[in-house]
Amino acid sequence: MTLIELLIAASIGVVVLGATSSMLISVVRTQPKISERAEDASTGRWILERMTREIRNGIAVQTGSSASTVIFTAHVRHSSCGATTAPPAGSSSIECKVTYSCSATACTRSETTPASAGAGTPVTMFTGTNSEKVFSYSPEAKDAEFVGVTLRFPNPDGGGNFTISDGATLRGGDPFGS
């Protein structure tokens, strides 16, 4: 092997090593953003599943529901409306008024008796959203049979939103509008 061949091979090796190092550094720098986005997706899916499951058990959407709030009557597995303790095994669920309310940064859940004028004590379900327009209704809020839920999280990269959505038909509702 001549000196020129050795220099060319070494130069090519340095270029390949530099490109490999650059890619490795890039991956290490973006990993926290990828982890944050995956965590948002996981949390969002869990919250979305809980909301739609509870809406699916809902009986009727009540007055006062809007794009940022859904109020509905549902059967819940608690000893009393607003309680955090589960009833004894074998006991039936009770009817409560459930309210999900979302602001531009967080969503809360509260429950109270169906006859109560208030919403109960709100408990923060999650934070990190960037839109208060979460709920949609079909055909409309006062006669809703289907409630759509759309959660928007800020993109860690800074551009646009990370959005997940789902929906549920209330008990006795007609998902096809027929």
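Residues numbered from 1 in each chain as written. Predicted model: local features only at pLDDT ≥ 70, side-chain atom pairs only at ≥ 80, totals over all residues. Heavy atoms only, no water.

Engineer: Go over the overall build of the protein with me, naming the residues and quoting the values.
Structural biologist: Along the protein, the regular secondary structure elements total one helix and eight strands. Listing each helix as α and each strand as β along the protein from the N terminus yields α-β-β-β-β-β-β-β-β. Scaling as 2.2 N^0.38, a compact globule of 178 residues should have a C-alpha radius of gyration of about 16 Å, whereas the protein reaches 25 Å, well beyond that. Across its three principal axes, the protein shows a C-alpha extent of roughly 90 × 40 × 30 Å. Taken across its 178 residues, the protein has 31% of its residues classed as buried. Relative to all contacts within the protein whose residues are 6 or more apart in sequence, the contacts with residues 24 or more apart total 46%. If you sum the accessible surface of the protein, you get close to 10600 Å²; carbon and sulfur atoms cover 59% of it. (Helix = DSSP H or I, 4+ residues; strand = E, 2+ residues; numbered from the N terminus. Rg over C-alpha atoms; globule rule 2.2 N^0.38 Å. Buried < 20%, exposed > 50% of the residue type's maximum accessible area, 1.4 Å probe, protein only. Contact = heavy atoms within 4.5 Å. Areas by Shrake-Rupley, 256 points an atom, 1.4 Å probe, with all protein chains shown as cover.)

Engineer: Any chance you could break down the pattern of salt bridges for me, citing the residues and the numbers?
Structural biologist: In the structure shown here, the tally under the stated rule is four salt bridges. Residue Arg-109 pairs with Glu-111 through a salt bridge whose shortest N-O separation is 2.6 Å. On the basis of relative accessibility, which here comes to 6%, the residue Glu-111 falls in the buried class. Via salt bridges that share partners, Glu-54, Arg-109 and Glu-111 belong to a single interconnected network. (Salt bridge = Lys/Arg side-chain N within 4 Å of Asp/Glu carboxyl O.)

Engineer: Could you give me a rundown of the packing of aromatic side chains, with the residues and numbers involved?
Structural biologist: Scanning the model with the defined rule gives three aromatic pairs in all. Relative to Tyr-100, the ring of Phe-72 lies with its centre 6.4 Å away and its plane at 20°, an arrangement referred to as stacked. Pair noted here: Phe-72 is in strand 2 (residues 69-76) and Tyr-100 is in strand 3 (residues 94-102), with a separation of 28 residues, a long-range link. Judged by its relative accessible area of 1%, Phe-72 is buried. For Tyr-100, a relative accessible area of 0% translates into the label buried. Aromatic rings pair up to connect Phe-126, Phe-153 and Phe-162 into one cluster. (Phe/Tyr/Trp six-rings, centres within 6.5 Å; stacked < 30°, edge-to-face > 60°.)

Engineer: Account for a nonpolar patch on the surface, with residues named and values stated.
Structural biologist: A contiguous nonpolar patch, built from Met-1, Leu-3, Leu-6 and Leu-7 and spanning about 510 Å² of accessible area, is present on the exposed surface. Looking at the element boundaries, Leu-6 is found in helix 1 (residues 3-56). (Patch = residues over 30% accessible without salt bridge, like charges linked within 9 Å, V, L, I, M, F, W, Y side chains within 5 Å.)

Engineer: Tell me about the environment of Glu-39, residues and numbers included.
Structural biologist: With respect to the helices and strands, the residue Glu-39 is situated in helix 1. Considered as a pair, Glu-39 and Ile-55 are 16 residues apart in the sequence and their alpha carbons are 24 Å apart.

Engineer: Residues and numbers for the sheet that holds strand 7 (residues 146-154), please.
Structural biologist: Strands sit in the order 6-7-8 across an open sheet of three strands; the sheet is antiparallel. Among the strands making up the open sheet, the edge pair consists of strand 6 (135-138) and strand 8 (161-169). Along the sheet, successive strands turn relative to each other by an average axial angle of 20°, direction set aside. Here strand 7 runs beside strand 8; their pairing, made up of nine bridges, is antiparallel. Its bridge partner lying in strand 8, Val-149 is registered against Asp-166. The strands touched by helix 1 are strand 6, strand 7 and strand 8; relative to strand 8, the strand with the most contacts, the crossing angle is about 15°. (Pairing = 2+ DSSP bridges. Axes fitted to C-alpha atoms, helices over the stretch in contact; angles between N-to-C directions.)

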